[in-house]
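Structural features, examined
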Amino acid sequence: MVHNVLIIGSGCAGLTAAIYTARANLKPIVIDGYEPGGQLTLTTEVENYPGFPNGILGPQLIENMRKQAQRFGAEFKAGAVTAVALDRRPFVVTAGKEVYECKALIVAAGASARLLGLESERKLMGHGVSTCATCDGYFFRGKEIVVIGGGDSAMEEATFLTKFASKVTLIHRRNEFRASKIMLDRAHKNEKIQFLTPYIVEEVLDVEKGVVEGVRVRHAGNGEIKTIPAEGAFIAIGHTPNTKVFEGKLEMDAAGYLGARNGTLTNVEGVFVCGDVQDHRYRQAVTAAGSGCMAAIDAERWLESQGH
Ligand code: NAP
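**Regarding the nonpolar core**
For soluble globular proteins, the rule of thumb is that nonpolar side chains tend to be buried together. Counting residues in each nonpolar core, the largest one holds 34 residues, and the members touching the most others are Val5, Ile7, Leu40, Tyr49, Ala104, Ile106 and Phe272. Every element with two or more residues in this core is listed here: β1 (2-8), α1 (12-23), α2 (58-71), β8 (98-107) and α7 (285-305). Of the residues forming this core, the biggest block, eight residues, is contributed by α7. Not counting chain neighbours up to four residues away, the residues in contact with phenylalanine 272 comprise Ala104, Leu105, Ile106, Val107, Thr264, Leu265, Thr266, Ala295, Asp298, Ala299 and Trp302. Counting 21 residues, the second-largest nonpolar core is a separate cluster that includes Ile8, Phe91, Leu105 and Phe246.

**Considerations on the packing of α1 against α7**
At a closest axis distance of 7 Å, the pairing of α1 and α7 adopts a crossing angle of 40°. For the pair α1 and α7, the crossing hand works out as right-handed. Contacts from Cys12, Ala13, Thr16, Ala17, Tyr20 and Thr21 of α1 reach α7 at Ala285, Ala288, Ala289, Gly292, Cys293, Ala296 and Ile297.

**Concerning the state of the cysteines**
Within the structure shown, the criterion is met by one disulfide. Shown here is the disulfide that connects cysteine 132 with cysteine 135, its sulfur atoms set 2.0 Å apart. Because the torsion about its S-S bond is 75°, the bridge between cysteine 132 and cysteine 135 counts as right-handed. Summary of cysteine pairing: cysteine 102 is not part of a disulfide, and the nearest cysteine sulfur, belonging to cysteine 274, is at 14 Å. With relative accessibility at 0%, the residue cysteine 102 sits in the buried group. In this model cysteine 274 remains outside any disulfide bridge; the closest cysteine sulfur is found in cysteine 293, 9.8 Å from its own.

**Notes on the side chain of threonine 16**
Within the fold, threonine 16 resides in helix α1. Judged by its relative accessible area of 9%, threonine 16 falls in the buried class. Dropping the residues within four chain positions of it, threonine 16 is found in contact with Met65, Ala289, Gly292 and Cys293.

**Quick look at α2**
For α2, which comprises 14 residues, the first-to-last C-alpha distance of 20 Å matches the rise-based estimate of 20 Å (1.5 Å per residue) to within 8%. Those residues of α2 lying buried are Gly58, Leu61, Ile62, Met65, Arg66 and Ala69. Relative to the axis of α2, the buried residues are bounded by an arc of 135° and lie together on one face. In this structure, the buried side of α2 is in contact with α1, β3 (45-46), β4 (56-57) and β5 (75-77). Once α2 ends, the next one or two residues include glycine 73, with phi positive near 105°.

**Considering the domain arrangement of the protein**
One can read the domain layout of the protein as domain 1 (2-112 + 239-305) and domain 2 (115-235). Of note, the centres of domain 1 and domain 2, computed from C-alpha atoms alone, are 31 Å apart. Listed as interface residues are seven residues of domain 1 and, on the opposing side, ten residues of domain 2. Carbon and sulfur atoms supply 49% of the area that domain 1 and domain 2 bury against each other, a total of about 730 Å² over both sides. The largest contributions to the domain 1 side of the interface with domain 2 come from Leu42, Thr44 and Glu47, which together make up 46% of the buried area. Counting every contact that joins domain 1 to domain 2 gives zero salt bridges.

**Thoughts on the sheet that holds strand β12 (residues 167-171)**
Strand order in the open sheet formed by five strands is β10-β17-β11-β12-β13, with parallel pairing between adjacent strands. Two strands in the sheet have a free side with no partner beyond their single neighbour: β10 (129-130) and β13 (193-196). Bridge count for β12 against β13 is four bridges, and the pairing is parallel. Within the sheet, the bridge partner assigned to isoleucine 171 lies in β13 and is leucine 196.

Scoring rules and cut-offs
Residues numbered from 1 in each chain as written. Predicted model: local features only at pLDDT ≥ 70, side-chain atom pairs only at ≥ 80, totals over all residues. Heavy atoms only, no water. Core = buried A, V, L, I, M, F, W, Y, C linked by side-chain atoms within 4.5 Å. Buried < 20%, exposed > 50% of the residue type's maximum accessible area, 1.4 Å probe, protein only. Helix = DSSP H or I, 4+ residues; strand = E, 2+ residues; numbered from the N terminus. Contact = heavy atoms within 4.5 Å. Axes fitted to C-alpha atoms, helices over the stretch in contact; angles between N-to-C directions. Left-handed = near helix turned anticlockwise from the far one by under 90°. Disulfide = S-S within 2.5 Å. Expected span 1.5 Å × (residues − 1). Arc of directions from axis to C-beta. Domains from an automatic or database assignment. Buried area = accessible area lost by both parts, 1.4 Å probe. Salt bridge = Lys/Arg side-chain N within 4 Å of Asp/Glu carboxyl O. Pairing = 2+ DSSP bridges.

Shown next as structure tokens:
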């Protein structure tokens with residue numbers, strides 16, 4: 001069976017594309033991906049998604065979008081895409097043992113925040129550990145927090161977070177920074193930011209209490225260990241777009257983000273992109289949803305122009 005539209009990814013962008021294409025009667029198929037529901041499922045309260053004056057839990061927002069898409073006939077398939085063939089019509093998308101054929105393809109595979117790889121970090125995610133200052137900074141008004149990382153993201157998040165936090169300790173594993181001079185200088189000049197280098201975060205405390213109380217760090221040189229008290233820990237060590245299967249098939253930049261042209265179009269006619277897989281700039285739920293809507297409209301119009 002050849003599907004009209006197949007959507008890769010079930011985060012904000014993919015689900016919005018599913019709602020729109022389902023309402024256009026295109027009966028979309030959505031492949032969930034490795035992280036069903038995307039990055040919002042890793043957050044707790046979402047206070048900046050329009051329409052929810054009292055906020056909404058990230059997983060709940062995703063669940064609502066999913067139900068909304070299902071109501072109009074979107075079909076969800078578990079699993080992650082392992083291969084795509086875009087040099088033939090219909091396109092072929094493989095997810096493990098399942099093989100799908102589709103006329104139009106919407107790629108909403110998202111990006112994943114890089115993590116330190118600590119179990120405590122995973123367990124406290126959404127309970128003081130965050131990968132998004134824009135999303136969660138507001139919860140740390142008047143509190144002490146740490147930001148981990150040494151690139152532009154870390155500088156930007158640390159600087160942004162001083163609007164809320166009483167003190168920001170920026171912890172980086174080396175004395176040298178990848179961050180651009182201008183962003184580094186800005187962070188250095190900010191009186192609320194203290195730099196702690198070269199220290200490696202060994203543990204986020206305290207898993208037993210279920211809230212962040214600080215981080216345990218080790219000096220990268222002499223091995224000295226100490227605890228930095230903090231009520232929030234922002235991991236800002238970069239993001240990785242989930243684009244491995246598209247290498248050599250869709251245009252991407254040096255960091256692996258897919259290139260969108262003229263809205264959501266790509267270098268392959270009939271393939272559309274939306275959400276964080278093509279956006280390292282805004283990365284918001286609402287912008288992902290917005291671009292998901294754009295991709296759906298572009299796909300619908302393209303199918304129509306092809307006489308489907
Ligand atoms: P990045 O430049 O790759 O920096 C990642 C940082 O995290 C590095 O300092 C790295 O340390 C550290 N890191 C990586 N893995 C780690 C680990 N497991 N444990 C501890 N530290 C770890 O990533 P980014 O800061 O997200 O920036 C990505 C791109 O976006 C860059 O081109 C950047 O310029 C751009 N960007 C621009 C802006 C802006 O202009 N407003 C804002 C954000 C990002 P090492 O240095 O030791 O490897």
